[in-house]
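Coordinate analysis (summary)
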Amino acid sequence: MDVPRKARELRSRALSSLNARLRAHLGGVAPVALGRSFPPYLAKDAAIACWQLFQELPGESLRYDESWHDLLDASEVQRDPGPSSPAIERYETDAGEVHYGLQRGLAFLRFEGQALVAYGCTNSRTWGYEVRVAGSSDELSKRFLARVAEAVEASPVFSARVREELANSINGKVREHLGVREGETPALLLTTFPPYQIPNVSILIKAFLESHGAEFLGVPAGRYDRADVLEFMEEPRISESGKFQGYQQRLPEIERISVRLGESREALKSGLGLLTYEGAALMVACYRSDSYEKKYEITAAGWDREAVSSLLEDFEAYEREHSIFRGRLVRPVLSYRDEIEEAHIIDYSPIDWDQIVLPGQLKETIQEEVIDYAHRAEALARNGVSVKRGVLLHGPPGTGKTHLCRVLTSVLSGFTGIVLAGENLTRPSGAFAMARKLAPALIFFEDVDLVARDRDANSATGVLGTLLNELDGLEENEQVYCVFTTNRLDALEEALAQRPGRVDLILEFPLPGPDLRRRLIELYVGEA
């Protein structure tokens, strides 16, 4: 074999190889090689962007099917294919639009006035897209890759739907509203409301957030806790296979709840509210649990802890002032733990005091000692006079004792009436707590002798003790009034019936005489 001749052939091939051409294009300097990979859901957009750049920039594109790393290795000899066309793929959108992308190819380009070699190909193993670049400097190669990424971002042909999911996701909305602080956890505060408050709070939180310009978002169905609320703030992602990872936005769960006969209001069953409160961007997550442990939860989150705390405190004050139970007649249902489980609003037509038919002296006493007294309560309290008052109504059945409960709630505008009867009499603490919250309030104990008989004949002495403790625990200026009714005054425990501060006024409701019966007939039937 002619060794010198063989060496000359190898040298000639090396000088005319693609490797030599790359080094010559870069001016003989050692190439600085960088690369960027795009996931499968961006592969087509990256191929389109890469081909467009190859066409826009001055230079030559050609087909290259071998290894990029072999091309950079000076010891390798990759044959220069000469003038050739890179592998181009045709893509068609669902709308029928046609685009062309670089499936595989190499380009000798001038970028920002400097020589650069770029290579793009679809990765047959991952189905992503690879862009490789070799330039005379690290910064030049980085800027070219950034240009490719910007082109992919600017013209999302096939990834538009996925990108829209990211931008419109709950995570995207929350992060845009609250802002992002890497490595920090926002302040989160939780307030839980008991079962009977669910209709009330779900109505009022919607109204409260609306009054502060909140934007409402839907959340996934089912229970969520503090960890889930934090997940709403995590960055949404697209998996390598192009699947959205995060919380997709949906409509908040809104329902209508009846608050009185012929009137209903919108309520927020579950959802997020994004708002600015006291100058701070906050998120409020609302959730109604209908499971075994029924409750309504409100979680406020934000970077300003004081604003988070202030919002919840202000809502609790708003709820007390605007409660759907305020000024209404309410019959609570209490659990064995003496907690209110349900609260039923009793609808009735307004009653005019002038229409009440009672013996003259009794009606006058009720007007002066109950109605007028309650109206003067604030003035009395300002002058240091105790406004505590308990009233005991006794008399035969059917004489108007229970009816007076509705009358007083109607006449005492702004007062909340709470009715306890039957089994609920054995658990009075929940009713007192509700009355304190909704004061001014009246608590009506129907047939109180069921739990407040004389101790010697009373099997419910524990209930009696609880009732007496609650009465004694009322503050002197607390506008919570108790009205007791009984058909058996003689059977009542003296510690209740004969103790000022617990019962201050005892009124007898007698059977109506002929004159009162005539007036009742005229009122309800009409003149004979």
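Residues numbered from 1 in each chain as written. Predicted model: local features only at pLDDT ≥ 70, side-chain atom pairs only at ≥ 80, totals over all residues. Heavy atoms only, no water.

Moving on, we get to empty space enclosed by the protein. Where empty space is left becomes clear once a probe the size of a water molecule has been rolled over the atoms. Following the criterion strictly, the structure yields three cavities of 30 Å³ or more and no others. Along the walls of the largest cavity sit Glu369, Val370, Tyr373, Ala374, Arg389, Val391, Leu412, Leu442, Tyr481, Cys482 and Val483, which together make up its complete lining. Counting residues per element, the ones that place at least two in the lining of the largest cavity are α11 (360-375) and β20 (480-486). A total of four residues in the lining of the largest cavity trace back to one element, the largest contributor, which is α11. Of the residues that constitute the lining of the largest cavity, the class distribution is nine nonpolar, no polar and two charged. (1 Å grid on protein atoms, 1.4 Å probe; cavity = no way out; pocket = protein on both sides within 12 Å on 5 of 7 lines; lining within 4 Å. Points joined across faces, edges and corners; volume = space filled by probe spheres on them. Helix = DSSP H or I, 4+ residues; strand = E, 2+ residues; numbered from the N terminus. Nonpolar A, V, L, I, M, F, W, Y, C, P; charged D, E, K, R; others polar.)

Moving on to the pattern of salt bridges. Counted under the stated rule, the structure contains 24 salt bridges. The residue Lys173 makes a salt bridge to Glu215 at a minimum N-O spacing of 3.9 Å. Here Glu215 lies in strand β8 (residues 215-217) and Lys173 lies in helix α7 (residues 170-178), a separation of 42 residues in the sequence. Its salt-bridge partner being Glu266, residue Arg256 comes within 3.8 Å of it at the nearest N-O pair. Taken together, the residues Arg256 in strand β11 (residues 253-260) and Glu266 in strand β12 (residues 263-277) connect sequence positions 10 residues apart. You can call Arg256 exposed: its relative accessible area is 53%. The network of salt bridges with shared partners includes Lys206, Glu210, Arg256 and Glu266. (Salt bridge = Lys/Arg side-chain N within 4 Å of Asp/Glu carboxyl O. Buried < 20%, exposed > 50% of the residue type's maximum accessible area, 1.4 Å probe, protein only.)

One finds Ile298, Phe445 and Phe484 to be the most contacted residues of the largest nonpolar core, which totals 65 residues. Setting aside residues up to four positions removed in sequence, Phe484 forms contacts with Val391, Leu392, Leu393, Phe445, Val448, Leu467, Leu471, Leu496, Arg502 and Val503. Leu358, Val370, Phe415 and Val419 belong to the second largest nonpolar core, which has 31 residues in total. (Core = buried A, V, L, I, M, F, W, Y, C linked by side-chain atoms within 4.5 Å. Contact = heavy atoms within 4.5 Å.)

What follows covers the packing of α11 against helix α13 (residues 401-411). Two quantities define a packed helix pair, namely the angle between the axes and the distance from one axis to the other. The interhelical angle for the contact between α11 and α13, taken along N-to-C directions, is 40 degrees, at an axis separation of 11 Å. With respect to their mutual orientation, α11 and α13 come out oblique. Helix-helix and strand crossings are classified by hand; for α11 and α13 the assignment is right-handed. Contact residues: α11 offers Ile366, Val370, Ile371 and His375, while α13 offers Leu404, Leu408 and Val411. (Axes fitted to C-alpha atoms, helices over the stretch in contact; angles between N-to-C directions. Parallel < 35°, antiparallel > 145°, perpendicular 65-115°, else oblique. Left-handed = near helix turned anticlockwise from the far one by under 90°.)

This part covers the packing of aromatic side chains. This structure, assessed with the given rule, holds 14 aromatic pairs. Ring pairing ties together the aromatic residues Phe193, Phe208, Tyr277, Phe315 and Tyr318, which thus form one cluster. Here Lys44 stacks its cationic end above the ring of Phe158, 4.9 Å away from the centre of that ring. For the cation-ring pair, Arg389 lies above Tyr373, with the distance from its terminal atom to the ring centre recorded as 4.0 Å. (Phe/Tyr/Trp six-rings, centres within 6.5 Å; stacked < 30°, edge-to-face > 60°. Lys NZ or Arg CZ within 6 Å of the ring centre and 35° of its normal.)

This paragraph deals with the layout of surface pockets. In this structure, the largest pocket occupies an estimated 890 Å³ of space. Along the wall of the largest pocket there are 36 residues; nearest its centre are Pro194, Pro195, Tyr196, Ile340 and Glu341. Of all the secondary-structure elements, those providing two or more residues to the lining of the largest pocket are β7 (187-193), α8 (198-211), β11, β16 (340-346) and α14 (429-438). For the lining of the largest pocket, the element with the highest residue contribution is β16, accounting for six residues. Looking at side-chain class alone, the lining of the largest pocket contains 18 nonpolar, six polar and 12 charged residues.

Moving on, we get to a negative patch on the surface. On the surface, Glu278, Asp304, Glu306, Glu313 and Asp314 cluster together into a negatively charged patch. You can see Asp304 is positioned in the loop between β14 (295-302) and α10 (305-322). Using a relative accessible area of 34% as the deciding quantity, one classes Asp304 as partly exposed. (Patch = residues over 30% accessible without salt bridge, like charges linked within 9 Å, V, L, I, M, F, W, Y side chains within 5 Å. Areas by Shrake-Rupley, 256 points an atom, 1.4 Å probe, with all protein chains shown as cover. Lys, Arg positive; Asp, Glu negative; His and termini not counted. Charge placed at Lys NZ, Arg CZ, Asp CG, Glu CD.)

Right, let's talk about the sheet that holds strand β19 (residues 441-445) for a bit. With mixed pairing, seven strands are arranged side by side in an open sheet as β16-β15-β18-β19-β20-β17-β21. For this open sheet the edge positions go to β16 and β21 (505-508), each flanked by a neighbour on one side alone. Sheet twist, expressed as the average angle between the axes of neighbouring strands with direction ignored, equals 25 degrees. In this sheet, β19 lies alongside strand β18 (residues 416-420) in parallel orientation, the contact comprising five bridges. (Pairing = 2+ DSSP bridges.)

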